[in-house]
There are 2 protein chains.
Amino acid sequence: MEVTARAPGKIILSGEHAVVHGSTAVAASINLYTNVTVSIPTAGNDDSLKLQLKDMALEFSWPIGRIKEALSNLGPPSSSTPTSCSIESIKSISALVEEKNIPEAKIALASGVSAFLWLYTSIQGFKPATVAVTSELPLGSGLGSSAAFCVALSAALLALSDSVNVDKQHQGWKMFGESDLELLNKWAFEGEKIIHGKPSGIDNTVSTYGNMIKFTSGNLTRIKSNMPIKMLVTNTKVGRNTKALIAGVSERTLRHPNAMSVVFNAVDSISNEVASIILSPAPDDVSITEKEQKLEELMEMNQGLLQCMGVSHASIETVLRTTLKYKLASKLTGAGGGGCVLTLLPTLLSGTVVDKVITELETCGFQCLISGIGGNGVEICIGGSS
Amino acid sequence: MEVTARAPGKIILSGEHAVVHGSTAVAASINLYTNVTVSIPTAGNDDSLKLQLKDMALEFSWPIGRIKEALSNLGPPSSSTPTSCSIESIKSISALVEEKNIPEAKIALASGVSAFLWLYTSIQGFKPATVAVTSELPLGSGLGSSAAFCVALSAALLALSDSVNVDKQHQGWKMFGESDLELLNKWAFEGEKIIHGKPSGIDNTVSTYGNMIKFTSGNLTRIKSNMPIKMLVTNTKVGRNTKALIAGVSERTLRHPNAMSVVFNAVDSISNEVASIILSPAPDDVSITEKEQKLEELMEMNQGLLQCMGVSHASIETVLRTTLKYKLASKLTGAGGGGCVLTLLPTLLSGTVVDKVITELETCGFQCLISGIGGNGVEICIGGSS
């Protein structure tokens, strides 16, 4: 028995940082995915739980007996009731992870492996399986790779349980029903809590439902895009400290309360305008071009406001300068201070220009990904991916 | 008889563009000067009016008879009553300028030469003289070179008239009294009108009075700086179309009225904060450093907002990136789209760092000027500059 789930990453189209101070933000799914395949051994010839991180050529394996022993305090799995990992359980899980001697350079993985163990044992219990993970999402670059992992993992595990309805007749990728999405989104959020401490819930929600989400002060509203949007996502590969960047904006806000509060208001206006452009119907090519031009201008404005908040970075500026040469608008996405930069690729832009921009950005040492945005959320394929 | 006047250029410390939309801006004088020397021939051996633009190795000369003929409709000079150049007079003056066949590449000079002829004949009448001009200010780069020329010229001409009181006893640079400054500022404004059509009056006022000026919706308030501020002024040498840049901001404001109006509010807050930092007493080095850090942060914020308005330029970004490497804060000054960039040079910054930054910027083809800001306005020296 084999099940594969894939869940998309996300970008922040508008409003990062300002959202912490009450402004509206808009996030969207990108068609870059994390795939999780759960294989249940047919016979009892293997009594272990294996996690294979294919992109890193890493495999972690635990005898089921060892897991049972460490997590003896857990009750039977209750896949239909998402539960938070208790402090006691997280300690037991950490012990299981520590045994694996994760290489120093990959230490950030440890919390992901902990989330895996929690979700697996909570939904599947103490059963042997091999869980293989591959991803098109660069890790830790603000594209929601950890949420996509938690969503895909929860989806695959739930598909094997009795808690969701999956059409097992037809081949190919299938979407979940609304109530199943709600359940797996909750489970994914529990995984995200183990990885991030206090996640906003935006990443897993976008990865689960796909499309776009507008959020203000903790309220999430799903919005359905009425236009195809293609973005160049440039990963500067510059690591950043998200907490320090958020703290920096807060400190600046304390020093300059008047100016910063109006800056956040400006971002709020921009996010609302972005959402309304995306929502409005676009009957023909001309109006798509007009909408794209408006989005480009709003991206440029948002980037200026992010610079005003002090979260840009030399590497981001390099991407901006390079894309500007080709008259393309860009903005950082996520925390800033490095990470990823979005560049809108208008519908009528020639492929030659796109190739040139990418060549130039890659020469700077950046990684370029082209992605449609606002696509489907998590999907499942029974019997392995097609 | 020889009189030399020198008048400083200006920078916009904060609030360019937003000031057009009702926000506060702060301008300051820089200690880079335009010098105008008026020499009256002792005997009647030369009956012409000569304008020598020393930096450009240009000289224009008109027989006094030719000027009299062209401007026969003018009454006697009335140096104490600044008057605007009528449409009829500007036509006659243009004819005098056209006779000089100003080289195509220097065509922008024509309006400056017209302003010269208007101010000269209005204040001095039809008398022979040689007027020599030198300047430390790059032309047309937003540092107020035309206003400095009009102010220095008006000062020198008025010093030769009976309309102002000048101490002719003592050698060296001397300042004018308050009412004389008011008179020469008005004359300079008449010259600026010939050059710019509808000048704001800020450039000539800063050049006349020196120090700093805060202005909102046409109201100018002189403010006295309580801290020494040194700026690196980098001239990108990229020419720009100020009117088109201003129009671009207005068009963006029409497209995104909500976002842009709060952006202008943010600039207003920043300008007021800049003014209050400059005005507040700074008793010791520590608090000067603190004030400098605040100014740096406000400059960075203002630059972000200018980028949000869409008036930055690749050359400006290059300066920003270069100075950021040395942890120095910069912002464009004036219209943007090229022109000049300000970089604050903190009091405790080592000269080695300054040298390095300048070398790097000059390698990019930029011109670097170090300038104290908020110094004296126009000054005069009887008997030639010392």
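Residues numbered from 1 in each chain as written. Chains lettered and ligands numbered in written order. Predicted model: local features only at pLDDT ≥ 70, side-chain atom pairs only at ≥ 80, totals over all residues. Heavy atoms only, no water.

1. Notes on the packing of aromatic side chains
All names here are of chain A. This is how the line gets drawn: Aromatic rings from Phe, Tyr and Trp, taking only the six-membered ring of Trp, are treated as a pair when their centres fall within 6.5 Å; an angle between ring planes under 30 degrees marks them as stacked, one over 60 as edge-to-face, and anything in between as tilted. To qualify as a helix, a DSSP run of H or I must reach at least 4 residues; to qualify as a strand, a run of E must reach at least 2; elements of each kind are numbered from the N terminus. Both a distance and an angle decide whether a charge sits over a ring: NZ of Lys or CZ of Arg must be within 6 Å of the ring centre and within 35 degrees of the ring normal.
Counting across every chain of the model gives six aromatic pairs over all chains. Between Phe-116 and Tyr-120 the ring centres are 6.0 Å apart and the planes differ by 35 degrees, which places this aromatic pair in the tilted class. Separated by four residues within a single helix, Phe-116 and Tyr-120 lie in helix 3 (residues 109-124), roughly one turn from each other. Three or more aromatic residues joined by ring pairs form one cluster here, namely Phe-60, Trp-62, Phe-116 and Tyr-120. The residue whose ring lies beneath Arg-6 is Tyr-33, and the NZ or CZ to ring-centre distance is 4.4 Å.

2. Quick word on the domain arrangement of chain A
Residue and element names in this part refer to chain A. Threshold: Where a domain begins and ends is set by an automatic assignment or by a domain database. The salt bridge criterion pairs a side-chain nitrogen of Lys or Arg with a carboxyl oxygen of Asp or Glu, the two atoms within 4 Å. Residues adjacent in sequence count toward polar contacts only when both atoms are side-chain atoms; beyond that, a polar contact is any pair of N or O atoms within 3.5 Å, and within protein one must be able to donate a hydrogen and the other to accept it. Note on residue categories: nonpolar means Ala, Val, Leu, Ile, Met, Phe, Trp, Tyr, Cys or Pro, charged means Asp, Glu, Lys or Arg, and polar means any other residue, Gly included.
Looking at chain A, the domain boundaries give domain 1 (2-223) and domain 2 (229-373). Once you take the C-alpha centre of each, domain 1 and domain 2 turn out to be 28 Å apart. Taken together, the connections running from domain 1 to domain 2 amount to one salt bridge. Glu-16 is paired through a salt bridge with Lys-331; the nearest N and O atoms lie 2.9 Å apart. Here domain 1 is connected to domain 2 by 16 residue pairs in polar contact (both at pLDDT 80 or more). The set of elements that each furnish at least two residues to the side of domain 1 that touches domain 2 consists of strand 1 (2-14), strand 2 (25-39) and strand 7 (212-216). In terms of residue count, the dominant contributor to the side of domain 1 that touches domain 2 is strand 2 (seven residues). Residues belonging to the side of domain 1 that touches domain 2 are distributed by class as follows: 14 nonpolar, eleven polar and two charged.

3. What to know about the pattern of salt bridges
Residues and elements named next belong to chain B. Put simply, the rule reads: In this scheme, a residue with accessible area under 20% of its type's maximum is buried, one over 50% is exposed, and one in between is partly exposed, where area comes from a 1.4 Å probe on protein chains only.
Under the criterion given, the structure shown has 24 salt bridges over all chains. Residues Lys-10 and Asp-203 are paired through a salt bridge, measuring 3.2 Å at the closest nitrogen-oxygen approach. Of this pair, Lys-10 sits in strand 1 (residues 2-14) while Asp-203 is found in helix 6 (residues 202-209), placing the two residues 193 residues apart along the sequence. For the pair Lys-10 and Asp-203, a shared accessibility class is recorded, and that class is buried.

4. Quick notes on the nonpolar core
Basically, it comes down to this: What we call a nonpolar core is a set of buried Ala, Val, Leu, Ile, Met, Phe, Trp, Tyr and Cys residues that are connected through their side-chain atoms within 4.5 Å. For this analysis, residues touch if any pair of their heavy atoms sits within 4.5 Å.
Ranked by size, the top nonpolar core spans 233 residues in total, and within it Leu-13 and Phe-116 of chain A together with Leu-13, Phe-116, Leu-305 and Met-309 of chain B carry the most contacts. Beyond its immediate stretch of four places on either side in the chain, Phe-116 of chain A contacts Leu-49, Leu-51, Trp-62, Val-131, Phe-149 and Leu-153 of chain A.

5. Points about unusual backbone geometry
For His-17 of chain A, which is not glycine, the phi dihedral falls at a positive 70 degrees. For His-17 of chain A, the position within the fold is in the loop between strand 1 and strand 2.

6. Describing the interface of chain B and chain A
In many reports, interface size means the accessible area that the parts give up when they come together. We apply this condition: Two parts placed together each lose some accessible area under a 1.4 Å probe, and the buried area is that loss summed for both.
At the junction of the two partners, chain B supplies 26 residues and chain A supplies 26 residues. Both faces combined, the contact of chain B with chain A buries some 2,300 Å², and carbon together with sulfur accounts for 60% of it. Ranking the residues of chain B by area buried against chain A places His-256, Glu-297 and Met-301 of chain B at the top, with a combined share of 25%. Summed over the shared surface of chain B and chain A, the result is six salt bridges.

7. A few points about the UniProt feature "domain: GHMP kinase C-terminal" (unreviewed entry) in chain A
Stated formally: UniProt positions are given in the numbering used here, feature names are shortened, and annotations may be inferred rather than shown by experiment.
The UniProt record marks residues 294-346 of chain A with the feature "domain: GHMP kinase C-terminal" (unreviewed entry), using the residue numbering of this structure. With 53% helix and 17% strand, residues 294-346 of chain A has end C-alpha atoms that lie 11 Å from one another.

8. Some points on the side chain of Thr-333 of chain A
With respect to the secondary-structure elements, Thr-333 of chain A resides in strand 10 (residues 330-333). Non-local contacts of Thr-333 of chain A, meaning those with residues more than four positions away in its chain, are made with Ile-11, Ile-12, Glu-16, Cys-340, Val-341 and Leu-342 of chain A.

9. Points about helix 10 (residues 314-325) of chain A
All names here are of chain A. Heads up, the rule is: Expected span, for any helix, means 1.5 Å times one less than how many residues it has.
Taking 1.5 Å as the rise per residue, helix 10 with twelve residues should run 16 Å; its terminal C-alpha atoms sit 17 Å apart, in good agreement. The complete set of buried residues in helix 10 reads Ser-315, Ile-316, Glu-317, Thr-318, Val-319, Leu-320, Thr-322 and Thr-323. Immediately downstream of helix 10, the backbone of Lys-327 shows phi near 60 degrees, a positive value.

10. A short note on the UniProt feature "domain: GHMP kinase N-terminal" (unreviewed entry) in chain A
Within the UniProt annotation, "domain: GHMP kinase N-terminal" (unreviewed entry) is assigned to residues 124-210 of chain A. Taken end to end, residues 124-210 of chain A comprises 51% helix and 10% strand; its first and last C-alpha atoms sit 25 Å apart.

11. Concerning the pairing of strand 2 of chain A
Residue and element names in this part refer to chain A. Put simply, the test is: For two strands to count as paired, DSSP must find a minimum of two bridges between them.
Counting buried positions along strand 2 yields 13 of 15 residues, so the element is predominantly enclosed. In this structure, strand 1 lies alongside strand 2, joined through twelve bridges in antiparallel fashion. Residue Arg-6 lies in a different strand from strand 2, and its bridge partner there is Asn-35. Pairing geometry for strand 2 and strand 7, over four bridges, is antiparallel. Bridging across to strand 7, Val-26 finds its partner in Lys-214. By the bridge criterion, six bridges tie strand 2 to strand 5 (residues 129-135) in an arrangement that is antiparallel. Residue pairing across strands places Val-38 opposite Val-131, the latter belonging to strand 5.

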